[in-house]
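Structural features, examined
Each chain, letter by letter, is given below.
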There are 2 protein chains.
Amino acid sequence: MRFHHVGIAVESIANHATLFEKALGLTMTGVPVDDTGQHVRVAFISLGNAALAELVEPLDEQSPISSLLRRGGGLYHVCYEVDDLDATIKTAQAAGAILITPARRAPAFGERRIAFVHLTDGSIVEFLEAKAI
Amino acid sequence: MRFHHVGIAVESIANHATLFEKALGLTMTGVPVDDTGQHVRVAFISLGNAALAELVEPLDEQSPISSLLRRGGGLYHVCYEVDDLDATIKTAQAAGAILITPARRAPAFGERRIAFVHLTDGSIVEFLEAKAI
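Since this is a predicted model, take the numbers as computed values, not measurements.

**Regarding the side chain of Arg112(B)**
All names here are of chain B. Assignment of secondary structure puts Arg112 in strand E7 (residues 112-118). Looking at Arg112, the relative accessible area reads 17%, which means it is buried. At 2.9 Å, the side chain of Arg112 and the backbone oxygen of Glu129 are in polar contact. In contact with Arg112, not counting residues within four places along its chain, are Glu81, Arg104, Arg105, Ala106, Leu128, Glu129, Ala130, Lys131 and Ala132.

This is the structure in structure tokens:
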């Protein structure tokens, strides 16, 4: 398991990309990608050291990001790249984690599989499978 | 500028270190360090890829972390390692950032200098100088 990115809930990817560039000198990699199944548009900022920030914008009011934004938005998940997604989920569940998004393919990651869990402290963790299967 | 760590406000470093280990298999590096000037105790979890999570526990009710915990705690800052702290702060301020913790030495980082800013979106960013001066 290794750190991949932090997720940031934003009203506007464009505005936040500008803020990252002006305040921190950090720029977007690639172009935004829509994930209609998740009701989100995402874009990545390169943070150096291969680390990324994922800007996540709601595509509609049904988006889980819309409710996060109503509570202020901002940093809301950490994503780890893992070798075996199913085994990782099982380990987390054995420690009390709740699976909130079962394994699914993600357009933003070249159709590699992701899953989201809630740890027992209420934090949101994403797992990203290292290889497409 | 390169990603260094995410900061997580927690009631108890011990409880969170246990959660990271059981749910994610990620372990603490070193031992907790008190920063009495900041009213916090901090400890680091290795996330692989040289990335870290900083668990930040309040030392008292005056701690800025106490007020964060009253609002739920959890992820609250991203820290970047920078070559020139003073120049980095100036660039961020020119983009509207507010300096909330001016440059100071941090016991948790071998007395290297840190600073905290609020970006215009309300997010909290820490800068950590690469070399001790």
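Resuming the write-up.
**Focus: the pattern of salt bridges**
Going through the model one piece at a time under the given rule, you end up with 18 salt bridges over all chains. When the shortest N-O distance is used, the salt bridge between Asp35(B) and Arg104(B) registers 3.2 Å. Of this pair, Asp35(B) sits in strand E2 (residues 28-35) while Arg104(B) sits in strand E6 (residues 98-106), and the two are 69 residues apart along the sequence. Three or more residues joined by partner-sharing salt bridges are found here, namely Arg2(A), Glu81(A), Asp83(A) and Arg112(A).

**Some points on the confidence of the model for chain A**
For chain A, per-residue confidence averages 94 on the pLDDT scale, and 99% of positions sit at 70 or higher. We note a pTM of 0.94 for the whole complex and an ipTM of 0.93 for its interfaces.

**Some remarks on the interface of chain A and chain B**
Each partner contributes to the interface: chain A provides 28 residues, whereas chain B provides 28 residues. For the pairing of chain A and chain B, the buried interface totals around 2400 Å² over both sides, and the portion due to carbon and sulfur atoms is 72%. When the area that chain A buries against chain B is broken down by residue, the three leading residues are Phe3(A), Leu24(A) and Leu75(A), summing to 24%. Inspection of the chain A/chain B interface yields zero salt bridges. Linking chain A with chain B are six residue pairs in polar contact (both at pLDDT 80 or more), by the criterion used here. Secondary-structure elements contributing two or more residues to the side of chain A that touches chain B are strand E1 (2-9), helix H1 (13-24), strand E5 (74-82), helix H3 (85-94) and strand E8 (124-129) of chain A. At six residues, H1(A) tops the list of elements feeding residues into the side of chain A that touches chain B. Split into classes, the residues belonging to the side of chain A that touches chain B amount to 19 nonpolar, six polar and three charged.

**A few points about the environment of Ile98(B)**
Residues and elements named next belong to chain B. Among the secondary structure elements, Ile98 is positioned in strand E6. Linking Ile98 and Ser63, residues 35 residues apart in sequence, is a C-alpha distance of 19 Å. Sequence-distant contacts of Ile98, that is, excluding residues within four places in its chain, are made with Phe116, Val117 and His118.

**Overview of the side chain of Gln38(A)**
Note on placement: Gln38(A) falls in the loop between strand E2 (28-35) and strand E3 (40-46). Ignoring any residue separated from it by four or fewer positions in sequence, one finds Gln38(A) in contact with Ser63(A), Pro64(A), Thr101(A), Arg104(A), Ile114(A) and Phe116(A).

**Looking at the relation of the copies chain A and chain B**
Take chain A, turn it by 180°, move it 0.0 Å along the axis, and it overlays chain B with an RMSD of 0.0 Å. What the superposition gives is, in effect, a two-fold axis relating one chain to the other. Minimal C-alpha distance to the rotation axis in chain A is attained by Leu75(A), lying at 3.1 Å. Taken together, the interface assignments show that 100% of the residues at the interface of chain A recur at the interface of chain B, consistent with an identical surface on both copies.

**With respect to H3(A)**
Residue pairs three or four apart in sequence face the same way in an α-helix, which turns once every 3.6 residues. Residue and element names in this part refer to chain A. Among the residues of H3, those classed as buried are Leu85, Thr88, Ile89 and Ala92. The arc that holds the buried residues of H3, viewed along the axis, is 100°, so those residues lie on one side. The exposed set on the far side of H3, more than 90 degrees from its buried face, consists of Lys90 and Ala94. A positive backbone phi angle near 100° is found at Gly96, which sits one or two residues after H3.

Thresholds applied
- Every chain is numbered on its own, with residues counted from 1 as its sequence reads.
- Written order determines the labels here, with chains lettered from A and ligands numbered from 1.
- Selection of residues for local features in this predicted model requires a pLDDT of at least 70, selection of side-chain atom pairs for listing and counting requires 80 or more, and totals for whole chains, interfaces and linings are taken over all residues.
- For side-chain calculations, the full set of non-hydrogen atoms in the structure is used, while hydrogens and water are omitted.
- Secondary structure elements are defined from DSSP: runs of H or I of at least 4 residues count as helices, runs of E of at least 2 residues count as strands, and each element is numbered from the N terminus.
- Burial status follows relative accessibility: with a 1.4 Å probe on protein chains alone, a residue under 20% of its type maximum counts as buried, one over 50% as exposed, and anything between as partly exposed.
- Definition of a polar contact: a pair of N or O atoms within 3.5 Å, with one able to donate and the other able to accept a hydrogen when the atoms are protein atoms, and with sequence-neighbouring residues admitted only if both atoms are side-chain atoms.
- Here a residue-residue contact requires only that any non-hydrogen atoms of the pair lie within 4.5 Å.
- Salt bridge, as applied in this entry: a Lys or Arg side-chain nitrogen positioned within 4 Å of an Asp or Glu carboxyl oxygen.
- Within a predicted model, pLDDT stands for the predictor's per-residue confidence, ranging from 0 to 100.
- Using a 1.4 Å probe, buried area is obtained as the accessible area two parts lose upon being combined, added over both of them.
- In the scheme used here, Gly and all other residues not listed as nonpolar or charged are polar, with Ala, Val, Leu, Ile, Met, Phe, Trp, Tyr, Cys and Pro taken as nonpolar and Asp, Glu, Lys and Arg as charged.
- Least squares is used to superpose the copies, and the fit set is the C-alpha atoms of residues whose pLDDT is at least 70 in both copies.
- Here the arc refers to the set of directions running from the helix axis out to each C-beta atom.

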